[in-house]
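Examining the three-dimensional arrangement
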Amino acid sequence: MTEVQVDVEGRTLTISNLDKVLYPRTGTTKGEVLNYYAQVSPVLLPHLTDRAVTRIRWPHGVEGSSFFEKNAPAGTPSWVRTAEVPTTGSRSGKGDGTIRFPICDDLATLTWLANLAALELHVHQWTVEADGTPRHPDRLVIDLDPGEPAGLHECAQVALMVRDALAERDLGCTPVTSGSKGLHLYAPLAATGRRSLDSDGTTALAREVAEALQKEHPDLVTATMTKAKRPGKVFLDWSQNSGSKTTISPYSLRGRERPTAATPLTWDEVEAGAEDDLALEQFSMEQVLERVAELGDVFEA
């Protein structure tokens, strides 16, 4: 195993196996993954700040086995910020368990995670206080998951419907490709008077939107989790707002055949995708870096 010592913002990290291929189909190496995360960090880190991070790790590359990791692993550097978060059961009074999540607020922590082959970074819809106490969610998310043969074209059509339905409830939203098959729509709550909603409240609101659109557009939209009901339709997954659920962070890589990443879009791009079934695609990490260099973080715009 080859190792190098690197200085990242005053932290010394030991980086291993830079030449290891993590995406065999494209020959993408661990060094290239680390470079992507370093370059995209100015726009990625704001989406991770104060959020507990669940990782999916592929130590032998995306054609090998993977595993979810919530707790900070053994050997976590002392300088990595962590938060002791009550488990779902203990939050409801049914237990006293906690999970010690890492919080990725800086490039050194992001580099440490990437070195562990944590290709995917998933976060909750809530942030934590300085002492690790979970706050109420600061956003609502709806995951648009297409059932074959539906794809991004159908997701774009449904995204416009969701945008209108949320607007009727005084909520704006931002579209983000999932990096996998579908789209995510994020609606910030801070300016809407809904910051008093807990995760049950945001889940109920997202479900209300999903079920209303299912009723209005039954041939294209489903709010039902049963996979048998999804072929040719877009599933509006409202359950991502549950306090225990996570969503892939904008700009995180995915552990797919190719190194695609969750990518914020403009509404002009979504409208084009709704018109033309070839106008939208999942973006590679190289394309994401080109977009960021040209457009900045369109999520913020």
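Keep in mind that this is a model prediction, so the values were computed, not measured.

1. Quick word on the sheet that holds strand E12 (residues 183–188)
Strand order in the open sheet made by the six strands is E13-E14-E10-E12-E11-E17, with mixed pairing throughout. Strands with a single pairing partner mark the edges of an open sheet, and in this sheet they are strand E13 (221–222) and strand E17 (263–264). Summarising the sheet, strand E11 (residues 174–177) and E17 pair through two bridges and their orientation is antiparallel. Bridge pairing in E17 places Val176 opposite Pro264. Packing against the sheet, helix H5 (residues 199–216) makes contact with strand E10 (139–146), E13 and strand E14 (234–237), and its axis sits at approximately 40 degrees to E10.

2. A word on the pattern of salt bridges
Considering all chains together, one arrives at 14 salt bridges under this definition. The shortest N-O distance in the salt bridge between Lys181 and Asp145 comes to 3.7 Å. On the criterion of sequence distance, the pair formed by Lys181 in the loop between E11 and E12 and Asp145 in strand E10 is long-range, its members being 36 residues apart. On the basis of relative accessible area, Lys181 is assigned to the partly exposed category, the value being 41%. Residue classification places Asp145 among the buried residues on the basis of a relative accessible area of 19%. Among the salt bridges present, the one from Glu271 reaches Arg163, with a minimum N-O distance of 3.4 Å. Here Arg163 lies in helix H4 (residues 152–167) and Glu271 lies in helix H6 (residues 267–275), a separation of 108 residues in the sequence. When salt bridges with common partners are traced through the structure, they connect Asp50, Arg81 and Asp105 into a single cluster.

3. Here we look at the environment of Val288
If you trace the backbone, Val288 turns up in helix H7 (residues 285–295). The buried category is assigned to Val288, whose relative accessible area is 1%. Along the primary structure Val288 and Ala261 are separated by 27 residues, whereas in three dimensions their C-alpha atoms are 7.3 Å apart. Non-local contacts of Val288, meaning those with residues more than four positions away in its chain, are made with Tyr36, Val40, Tyr251, Ala261, Thr263 and Phe283.

4. What to know about the environment of Thr266
For Thr266, the location among the structural elements is in the loop between E17 and H6. Separated by 92 residues in the primary sequence, Thr266 and Thr174 place their C-alpha atoms 7.8 Å from one another. Not counting the four nearest positions on each side in its chain, Thr266 is found in contact with Pro175 and Val298.

5. What about the side chain of Thr29?
Note that Thr29 resides in strand E4 (residues 28–29). For Thr29, a relative accessible area of 17% corresponds to the buried category. The residues touching Thr29, leaving out its near neighbours within four places in the chain, are Leu18, Asp19, Lys20, Val21 and Leu22.

6. As for H6
Where H6 is concerned, the buried positions are Trp267, Val270, Gly273 and Ala274. The buried residues of H6 occupy an angular sector of 115 degrees when the element is viewed end-on, so they sit on one face. Residues of H6 that are exposed and point more than 90 degrees away from the buried face comprise Asp268 and Glu275. Buried residues along H6 sit against H4, E11 and E12.

7. Re the nonpolar core
Counting residues in hydrophobic clusters, the biggest one holds 73 residues, and the most contacted among them are Tyr36, Tyr37, Val40, Leu121, Leu144 and Leu236. Element by element, the count of residues in this core is highest for H4, at 10 residues. In this structure Leu121 touches Tyr37, Leu44, Leu48, Val53, Thr54, Arg55, Leu110, Leu113, Thr247, Ile248, Ser249 and Ser252, once residues within four positions along its chain are discounted.

8. Notes on the state of the cysteines
Applying the stated criterion to the full structure yields zero disulfides. Unpaired in this structure, Cys173 has its nearest cysteine sulfur neighbour in Cys155, at a distance of 14 Å. The class of Cys173 is buried, set by a relative accessible area of 11%.

How each quantity is defined
Every residue gets a number counted from 1 within its own chain, in the order that chain's sequence is written. Only residues with pLDDT of 70 or above have their local features reported here, since the model is predicted, and side-chain atom pairs are shown and tallied only from 80 upward, although totals for entire chains, interfaces and linings are computed over all residues. Excluded from the side-chain calculation are hydrogens and water; included are all heavy atoms of the structure. The pairing criterion for strands is at least two bridges between them, as found by DSSP. Only DSSP runs of H or I reaching four residues or more are called helices, and only runs of E reaching two or more are called strands; each is numbered from the N terminus. A contact between two residues is defined here by any heavy atoms of the two lying within 4.5 Å. What counts as an axis is a line fitted to C-alpha atoms, over the stretch in contact for a helix, and the angles between N-to-C directions run from 0 to 180 degrees. Throughout this description, the term salt bridge denotes a Lys or Arg side-chain nitrogen within 4 Å of a carboxyl oxygen of Asp or Glu. For the exposure calls, accessible area comes from a 1.4 Å probe over protein chains only, and a residue counts as buried if that area is under 20% of its type's maximum, exposed if over 50%, partly exposed in between. As used here, the arc belongs to the directions running from the helix axis to the C-beta atoms. What we call a nonpolar core is a set of buried Ala, Val, Leu, Ile, Met, Phe, Trp, Tyr and Cys residues that are connected through their side-chain atoms within 4.5 Å. A pair of cysteine sulfur atoms is labelled a disulfide when the two atoms are within 2.5 Å.

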